[in-house]
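Analysis of the macromolecular model
Here's the letter readout for the chains.
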Number of protein chains: 4
Amino acid sequence: MEINHNKIKVAVLGATGMVGQRFIQLLENHPWFEVAALAGSSRSAGKKYKDACRWYLEGDMPAAVADMQVLPAVPPMPVQLVFSALPADVAADIEVEFAQAGYTVCSNSSAHRYDEDVPILIPEINADHLDLLELQKSHRDWPGRIVTSPNCTTTGAVFPLKVLEELFGVEKVILVSMQAVSGAGYPGLPYLSIIDNVIPLIGGEEKKLELEPRLLLGKMNGGQRISAPMIISAQSNRVAVSDGHTICLSVKLAKPTDIDEVKEALKNYPWPEDIKELPSAPVQPMIVREEEDRPQPRLDRSAGDGMSISIGRLRPCPILDLRLVSVVHNTLRGAASGSLLNAELLKARGYLD
Amino acid sequence: MEINHNKIKVAVLGATGMVGQRFIQLLENHPWFEVAALAGSSRSAGKKYKDACRWYLEGDMPAAVADMQVLPAVPPMPVQLVFSALPADVAADIEVEFAQAGYTVCSNSSAHRYDEDVPILIPEINADHLDLLELQKSHRDWPGRIVTSPNCTTTGAVFPLKVLEELFGVEKVILVSMQAVSGAGYPGLPYLSIIDNVIPLIGGEEKKLELEPRLLLGKMNGGQRISAPMIISAQSNRVAVSDGHTICLSVKLAKPTDIDEVKEALKNYPWPEDIKELPSAPVQPMIVREEEDRPQPRLDRSAGDGMSISIGRLRPCPILDLRLVSVVHNTLRGAASGSLLNAELLKARGYLD
Amino acid sequence: MEINHNKIKVAVLGATGMVGQRFIQLLENHPWFEVAALAGSSRSAGKKYKDACRWYLEGDMPAAVADMQVLPAVPPMPVQLVFSALPADVAADIEVEFAQAGYTVCSNSSAHRYDEDVPILIPEINADHLDLLELQKSHRDWPGRIVTSPNCTTTGAVFPLKVLEELFGVEKVILVSMQAVSGAGYPGLPYLSIIDNVIPLIGGEEKKLELEPRLLLGKMNGGQRISAPMIISAQSNRVAVSDGHTICLSVKLAKPTDIDEVKEALKNYPWPEDIKELPSAPVQPMIVREEEDRPQPRLDRSAGDGMSISIGRLRPCPILDLRLVSVVHNTLRGAASGSLLNAELLKARGYLD
Amino acid sequence: MEINHNKIKVAVLGATGMVGQRFIQLLENHPWFEVAALAGSSRSAGKKYKDACRWYLEGDMPAAVADMQVLPAVPPMPVQLVFSALPADVAADIEVEFAQAGYTVCSNSSAHRYDEDVPILIPEINADHLDLLELQKSHRDWPGRIVTSPNCTTTGAVFPLKVLEELFGVEKVILVSMQAVSGAGYPGLPYLSIIDNVIPLIGGEEKKLELEPRLLLGKMNGGQRISAPMIISAQSNRVAVSDGHTICLSVKLAKPTDIDEVKEALKNYPWPEDIKELPSAPVQPMIVREEEDRPQPRLDRSAGDGMSISIGRLRPCPILDLRLVSVVHNTLRGAASGSLLNAELLKARGYLD
């Protein structure tokens, strides 16, 4: 593989899994980053990537990585930034090791997502939470840093909640999700378990959904993050969809608001312009569909190359204030592409200089 | 076809459609009823049933009906009771004509479901609403009667709500449904519309779900039905499931109650014994599953020959009081079998003597 | 569990897997047999069945087995007959051990299926192959016996081939199968691998399909089985179907035959009457569908409680002589129910006295 | 819509259907062609396209066509070339009217596909059949012309057959197809008909598959097309796949050939270089997969933007000579993109000057 000396070298940890493959696919022709190392479990380490990895995605494995040797997931690596697609249990220690060794870690795992000094970050939502990295530096005394991205369903819910919280205040949210099978990774669910079926449980998911939006929508105060005070009730279901989570939300606002005013607010929210200039950022972070039967995961998950959240069916709720539906591409915006956008923000803000 | 002179003769209106076929299948060896007439639209009338009808269900068309001639859906017919599987728009007038001509109509359509003098009936829930037939007789001055069965999703929701309302009082319900494709009849949804997809709209469904449980759980007072005062917020989704609706419920009770107490109440509710003796009644009207990932439509829809509602995942709700999941077989308990049970109740209570 | 002293005690080896569960389900109220022992791998042995087994089938686990302790798969066991649903690699030795210990083994595995002295048996097709048990006794010098059932796809193909071979002679068969996911057991294929997809490979399957019909249709001669001389070319595909294999066949007959004559032969073949009296035997071993778009797995797999093969689309072939389509329920007739019918035949023929 | 005066204006007939929408999507930024007219049935004519058409494809309707008025499908139109996505029955006359009025018609319908003076064309396979346009001109005496593209399944089969016919001669082909639901258009098959199912019939398909490869592989002789003499036996099945037909082929060659020689021939066939320069042509017209479980429709249908045929599983056949599997994207190479490539060839060869 020819190395371009102008690009920032990156590694992918957990490179053979489904999210790891997405990272590799997304980085194939990235203008800023270049894959210079791949790491996997002890079962994969030492093999060529093409021998260690069964490629799950449409299209062929990028030729540039096929013959790269899979490394064990330990520093040092000839890179500056590390994308972590590791399972949460092993990510906990490994991500710390990389931060201690001076690397910037953009993690897709939940291992450090709830640490008080680690940003759980979506650039359009809470770029100011990067200030937590100061706190992280002072707490941990390490030369590197860890930045995390949220759970995929959180990501779909938090875009409309961001607008509602900022403009009207959000007091309560009841959300019911219908989540795609790819969220469980590969092999994930057996065909015989989910075909012609709904499974009304995704282990551990509901707790994440009841916490993460509060962190993402928290306010920075004196270098610390104060969680948003809203209360969230979540119910997660697995449905027979390959990619794309659908979320039904009922929301109680802090102040009485006309539904049309809410709709205009959602349509016209001024998403930050500097984020839109990042290579992986969509032109429209959130698309408000007008058709009464949208958004739908098959039709809307790929909007903005899988980076746009699509919402619709905004209408009053007879119990709380309003109801709406949101769709997010769980393995793109909700996983690999989301972490990549975080890395791009770090680069743009000078953290990789 | 050999006619058994001891059985009550019945007709099926809308006999060629999906619910009509279910009626015929269920009536094949019924101990009390016997199909003596089939009626269809002008396109079918005059043909043999086997020529007018494309049989959608597993197994073959019952031999006894294959050569019956399809009649136009008008009285008179050589029967005592009429099952209506007609579309709501044509059902409105036709069901009235049959009642005026002296027939008992057990309807699966929504045409008269909300009339104040027409029972919307589930025998285990509100058999006492049959008293509305007195009001109906006095209002309408017809020798027959109309009894309706509720929407399929209502049916799945109302069983647990019945127990909660009776024992603790129900103030608010937020429900999100994931409904099977068979609910749209045949041909219903194109494969290309629903495969790998969720459609967050079922036209007209949410209004039904916000009204019908209040009627079913209403109290009889002086021969009239007083709707239950609970407020319901409903969001309906279509998912890629053939049969079996799944419903996520969040419920606010009238009085503070411990979750274990609620669970015991749901498990031990004394469903009426006399109903269990009806031929189509299940031994367990409602099954409380203990596994944390149940109920699931593929595994639970057929419980009790499709007549038992299965619930599970009972747990507190941080906003309202409790959350749970319910599964109902939409074309059996939620449609044809439900109406058949209503007819059996009418027979048992002497309305067909 | 109450033991009925008039029934023959049987064990199920591999009781926690998908085929093992089917055996247990089928044996629940069997008139001749009664489950008295369950065996599983070392991971399951010692546990109660309900703790060792995740029940995959519709309906609940039969109460009678829930608290039985899972045994290791070694003799002795307090039974007379053993159903083997073991994987082929472990079945090879274990089935021999049971035969040496005096048990009758009805195996669903392929381990001994191709031994020259072991019947590969379908009662309606080749009950006379039970004579191989004499050869087996003399070869092996063991007090028990092993009888096997064929591959599920073989089973679907061999019913029409039986008629054609007997009446017209079969020279060549080209078959292409579209096989259900349940054929791969549980967990079997990941949803993400097979949804919206066809996989044109089932490892090892094609060799089985090119050999087994020749064994099943072989002639007994002097106590030995002479394989039928037909040549078979097989192509196996996995499709997104839960249960029910579909097989397209092109057949060259030994003598020129009119297609209508073939059809009459297939419709009127005199399947052996004594077999129809076995408890698990269907009234119609093979159903010839007249509709031009049948058989279909969803509509026809459950015919005869999953024991009837359905064929259709009989028509000439411009290259060989004729073409047709066959559907078989792969986990019933093609697996557990097939082995059970074999056991019933053994009982009826006095092998279990 | 801004009209680019350097591009060739084209119309789409049948613009609201599934293939029509694909044409519009493909033409959105085409370097040579530009949509200047849309035509539909009398139900659509007169409406704006966005009002007449329910957009089925991923992504939004191209803005340039949304406000175009749908015209009746009759000449004249302000265009030079017409893409026909009409149903065969109405295409028969309308395509003739356009040819008589001087237009070049690139048809995706079967109406004139079998006329002896109309090319059934795939540029990489039989570009020399354009010489039939001379015959067409002399026969019909019209100033325009009609060129057709083959059936989608034919397209998948004929690429490997082209190589085999040219290098070794093909005598016999037995093919069994597993075809995607999108081949039936929209709404096409009901979900309830095809989910968990295989339908072993596609009306009229088998006759097309037994004829069309013979036309495509025919030799031009004295300005006339002589059909290839091979015999084909086809069996068509519908499977639960959205896009992408899978075809199992067994082939008898004219001369004995080693399987490795065949494989090399398939891998190294020199597809015409001039065709590869057309805007919609893929770099690799046919991809030979080495993995033993490929091609698969979900993984391979989109190769080369849906224009590359993927084949694999090449192996000997014990009855004919060899077996292989082919996958084609039925609505791209097998429909709209295929016709578009034909139009590009016409332009490149000067027919649109």
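Everything below is about the structure shown above.
Presented here is a report on the structure given in the accompanying data block. Source: prediction; values computed, not measured.

**A closer look at the overall build of chain A**
Scanning chain A from N- to C-terminus turns up 14 helices and 15 strands. Taken over the C-alpha trace, chain A has a radius of gyration of 20 Å; the compact-globule value for 353 residues is 20 Å, and the two agree within 12%. Along the first, second and third principal axes, the C-alpha atoms of chain A reach 60 × 50 × 30 Å. Per-residue burial for chain A yields a buried fraction of 64% across its 353 residues. In chain A, the share of contacts with a sequence separation of at least 24, taken over all contacts with a separation of at least 6, comes to 74%. Accessible area of chain A: about 12,500 Å², with a carbon and sulfur share of 48%. Between the averaged position of the 35 positive side-chain charges in chain A and that of its 44 negative side-chain charges there is a distance of 3 Å.

**As for empty space enclosed by the protein**
Residues and elements named next belong to chain D. Counting across every chain of the model gives four cavities of 30 Å³ or more. Size it by volume and the largest cavity reaches roughly 60 Å³. Every residue lining the largest cavity is listed: Leu-121, Ile-122, Pro-123, Ser-149, Pro-150, Thr-155, Arg-333, Gly-338, Leu-341 and Asn-342. Examining the composition of the lining of the largest cavity, we find that four residues originate from one element, helix α14 (residues 332-348), more than from any other. A breakdown of the residues in the lining of the largest cavity according to their chemical character gives five nonpolar, four polar and one charged.

**Comments concerning the packing of helix α7 (residues 152-167) of chain A against helix α10 (residues 259-268) of chain A**
Residues and elements named next belong to chain A. Running from amino to carboxyl end, α7 crosses α10 at an angle of 120°, the nearest separation of the two axes being 10 Å. Here α7 is positioned oblique relative to α10, judged by the angle of their axes. When you trace α7 past α10, the crossing you get is right-handed. Between α7 and α10, the contacting residues are Pro-160, Val-163, Leu-164 and Leu-167 on the first element and Val-262, Ala-265 and Leu-266 on the second.

**Considerations on the relation of the copies chain C and chain A**
Screw-axis analysis of chain C against chain A gives a translation of 0.0 Å along the axis, an RMSD of 0.0 Å, and a rotation angle of 180°. In short, the pair behaves as if placed about a two-fold rotation axis. Both copies contact each other with a shared surface, as 100% of the interface residues of chain C are interface residues in chain A too.

**A short note on the interface of chain A and chain B**
Of the residues lining the interface, 49 residues belong to chain A; the matching set on chain B comes to 49 residues. At the surface where chain A touches chain B, the tally comes to eight salt bridges. Linking Arg-315 of chain A and Glu-206 of chain B is a salt bridge whose minimum nitrogen-to-oxygen distance equals 3.2 Å. Joining chain A to chain B, the criterion identifies 24 residue pairs in polar contact (both at pLDDT 80 or more). With eight residues, the single largest contributor to the side of chain A that touches chain B is strand β11 (residues 231-239) of chain A. By residue class, the composition of the side of chain A that touches chain B is 26 nonpolar, ten polar and 13 charged.

**Some words on the sheet that holds strand β5 (residues 104-107) of chain D**
Residues and elements named next belong to chain D. The strand order across the open sheet built from six strands is β3-β2-β1-β4-β5-β6, with neighbouring strands paired in parallel fashion. Looking at the sheet topology across the chains shown, the edges are occupied by β3 (70-72) and β6 (145-148). Neighbour to neighbour, the strand axes of the sheet diverge by 30° on average, direction disregarded. Here strand β2 (residues 33-40) pairs with β3 via three bridges, running parallel. Residue Leu-38 lies in a different strand from β3, and its bridge partner there is Val-70.

Thresholds, definitions, all that
- Residues numbered from 1 in each chain as written.
- Chains lettered and ligands numbered in written order.
- Predicted model: local features only at pLDDT ≥ 70, side-chain atom pairs only at ≥ 80, totals over all residues.
- Heavy atoms only, no water.
- Helix = DSSP H or I, 4+ residues; strand = E, 2+ residues; numbered from the N terminus.
- Rg over C-alpha atoms; globule rule 2.2 N^0.38 Å.
- Buried < 20%, exposed > 50% of the residue type's maximum accessible area, 1.4 Å probe, protein only.
- Contact = heavy atoms within 4.5 Å.
- Areas by Shrake-Rupley, 256 points an atom, 1.4 Å probe, with all protein chains shown as cover.
- Lys, Arg positive; Asp, Glu negative; His and termini not counted.
- Charge placed at Lys NZ, Arg CZ, Asp CG, Glu CD.
- 1 Å grid on protein atoms, 1.4 Å probe; cavity = no way out; pocket = protein on both sides within 12 Å on 5 of 7 lines; lining within 4 Å.
- Points joined across faces, edges and corners; volume = space filled by probe spheres on them.
- Nonpolar A, V, L, I, M, F, W, Y, C, P; charged D, E, K, R; others polar.
- Axes fitted to C-alpha atoms, helices over the stretch in contact; angles between N-to-C directions.
- Parallel < 35°, antiparallel > 145°, perpendicular 65-115°, else oblique.
- Left-handed = near helix turned anticlockwise from the far one by under 90°.
- Least-squares fit on C-alpha atoms with pLDDT ≥ 70 in both.
- Salt bridge = Lys/Arg side-chain N within 4 Å of Asp/Glu carboxyl O.
- Polar contact = N/O pair within 3.5 Å; in protein donor to acceptor, adjacent residues only side chain to side chain.
- Pairing = 2+ DSSP bridges.

Nothing here speaks to function; it is geometry throughout.
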